[in-house]
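Breakdown of the fold
Given next are the chains, with one letter for each unit.
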Amino acid sequence: SRPCVLEEFLVPPQGGIDWRVPDFLVGDIPVHFVPGLEQAENSTDRFVTGTVQLGDAGSEYFDENSPEGTFNSVSAAIFKCFFTMSDPLEQQVNASMAMLGLKPRQYTAAHIRARYPSKSIQGQKEKADKEGNHSFLDTFADIGINAVNCAFHLQPHKQVYLASDSHHLVTYILHNSTYATKRIKEGGDSSTN
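**Concerning the overall build of the chain**
Helix and strand counts for the chain come out as seven helices and seven strands. Going from the N terminus to the C terminus, the chain shows its helices and strands as β-β-α-β-α-α-β-α-β-α-α-β-α-β. When the 193 residues of the chain are sorted by exposure, 21% land in the buried category. Across the chain, every contact between residues at least 6 apart in sequence was considered, and the portion connecting residues at least 24 apart equals 61%. Counting only carbon and sulfur atoms, one obtains 53% of the accessible surface of the chain, whose full area is about 14000 Å².

Structural data, given as structure tokens:
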């Protein structure tokens, strides 16, 4: 069904924190929706749920309220306590890596979200569209090349895996940019996979 349940992609790791609601409790517990973290923190309800989407993934809130380290210093460890890939997803990732010849810790990745960009990038695209004579590639080519450039600088002697939701952008970078002859592995257009 759409949208898929989170467990379709991520599950609690062995020995980690099991965040799932047991089947026998589903539907029997009154859960109250709250609009944000502060309301959840101040709620007297036993179970609350809410949707929080922040461009910084909550790092500003964490850094302002945590006595222990910064968000960047602990986020990966926290994530690994709660999530690991589901078996079907892990099989698909492993098959894709094998097909592309990618070995764990032997490559770096660049991801370009072009079809559904962040608000700041969307604003640039809308401005370019209003001014005319700016194509999709005019708007995103520099962003894509910068992403690949950053990946090369992170690990200069390793392959770069390039993924985007736009196969046009990936094709442009692979064939028409300064990286056309370098070691980039192409990631598919998620809309056609």
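**Here we look at the nonpolar core**
Among the nonpolar cores identified, the biggest contains 14 residues, and A110, V148, L162, L169 and I173 are the most heavily contacted of them. At the level of secondary structure, the elements contributing two or more residues to this core comprise β5 (107-112), α6 (136-154), β6 (159-164) and α7 (167-176).

**Some points on the packing of aromatic side chains**
Following the criterion strictly, the structure yields four aromatic pairs and no others. Between F79 and F83 the ring centres are 4.9 Å apart and the planes differ by 45°, which places this aromatic pair in the tilted class. With a relative accessible area of 42%, F79 lands in the partly exposed category. Residues F82 and F83 carry aromatic rings whose centres are separated by 6.2 Å and whose planes lie at 40° to one another, so their mutual orientation is tilted. Residue F83 is classed as partly exposed on the basis of its relative accessible area, which comes to 22%. In textbook terms, an aromatic cluster arises when at least three aromatic residues are bridged by ring pairs, as seen for W19, F79, F82 and F83.

**Looking at the pattern of salt bridges**
Proximity of charged atoms lets side chains of opposite charge pair with each other. One pass over the structure, following the stated rule, counts one salt bridge. Between R20 and D18 there is a salt bridge whose closest N-O contact spans 2.9 Å. Exposure remark for R20: the relative accessible area of 39% places this residue in the partly exposed category.

**Topic: the pairing of β5**
Side chains T108, A110 and I112 of β5 all project onto a buried face; the interleaved residues Y107, A109 and H111 project onto a face where none is buried. The pairing of β5 with β6 spans six bridges and is classified as parallel. Bridge assignment links Y107 to a residue of β6, and that residue is Q159.

**Remarks on the environment of R105**
Considering the arrangement of structural elements, one finds R105 in the loop between α4 (87-100) and β5. Considering only alpha carbons, one finds R105 and K158, 53 residues apart in sequence, at a separation of 9.1 Å.

**Notes on α7**
Along α7, the positions that sit buried rather than exposed are L169, V170, I173 and L174. The arc that holds the buried residues of α7, viewed along the axis, is 130°, so those residues lie on one side. In α7, the exposed positions that point more than 90 degrees away from the buried face belong to H175 and N176.

**Section: unusual backbone geometry**
Even without being a glycine, R105 presents a positive backbone phi close to 60°. Exposure remark for R105: the relative accessible area of 69% places this residue in the exposed category.

**A short note on the confidence of the model for the chain**
Taken residue by residue, the chain gives an average pLDDT of 78. The fraction at 70 or more is 71%. Every residue in residues 189-193 scores below 50 in pLDDT, and together they form nine contacts with partners more than four places removed in sequence or on other chains.

**Digging into the environment of K158**
Looking at the secondary structure, you find K158 in the loop between α6 and β6. Looking at K158, the relative accessible area reads 24%, which means it is partly exposed. Once the C-alpha coordinates of K158 and Q106 are considered, the two residues, 52 residues apart in sequence, prove to be 6.1 Å apart. Among the polar contacts made by the side chain of K158, one reaches the main-chain carbonyl oxygen of R105 at a distance of 2.8 Å.

Basis of the calculations
- Residues numbered from 1 in each chain as written.
- Predicted model: local features only at pLDDT ≥ 70, side-chain atom pairs only at ≥ 80, totals over all residues.
- Heavy atoms only, no water.
- Helix = DSSP H or I, 4+ residues; strand = E, 2+ residues; numbered from the N terminus.
- Buried < 20%, exposed > 50% of the residue type's maximum accessible area, 1.4 Å probe, protein only.
- Contact = heavy atoms within 4.5 Å.
- Areas by Shrake-Rupley, 256 points an atom, 1.4 Å probe, with all protein chains shown as cover.
- Core = buried A, V, L, I, M, F, W, Y, C linked by side-chain atoms within 4.5 Å.
- Phe/Tyr/Trp six-rings, centres within 6.5 Å; stacked < 30°, edge-to-face > 60°.
- Salt bridge = Lys/Arg side-chain N within 4 Å of Asp/Glu carboxyl O.
- Pairing = 2+ DSSP bridges.
- Arc of directions from axis to C-beta.
- pLDDT = per-residue confidence, 0-100.
- Polar contact = N/O pair within 3.5 Å; in protein donor to acceptor, adjacent residues only side chain to side chain.

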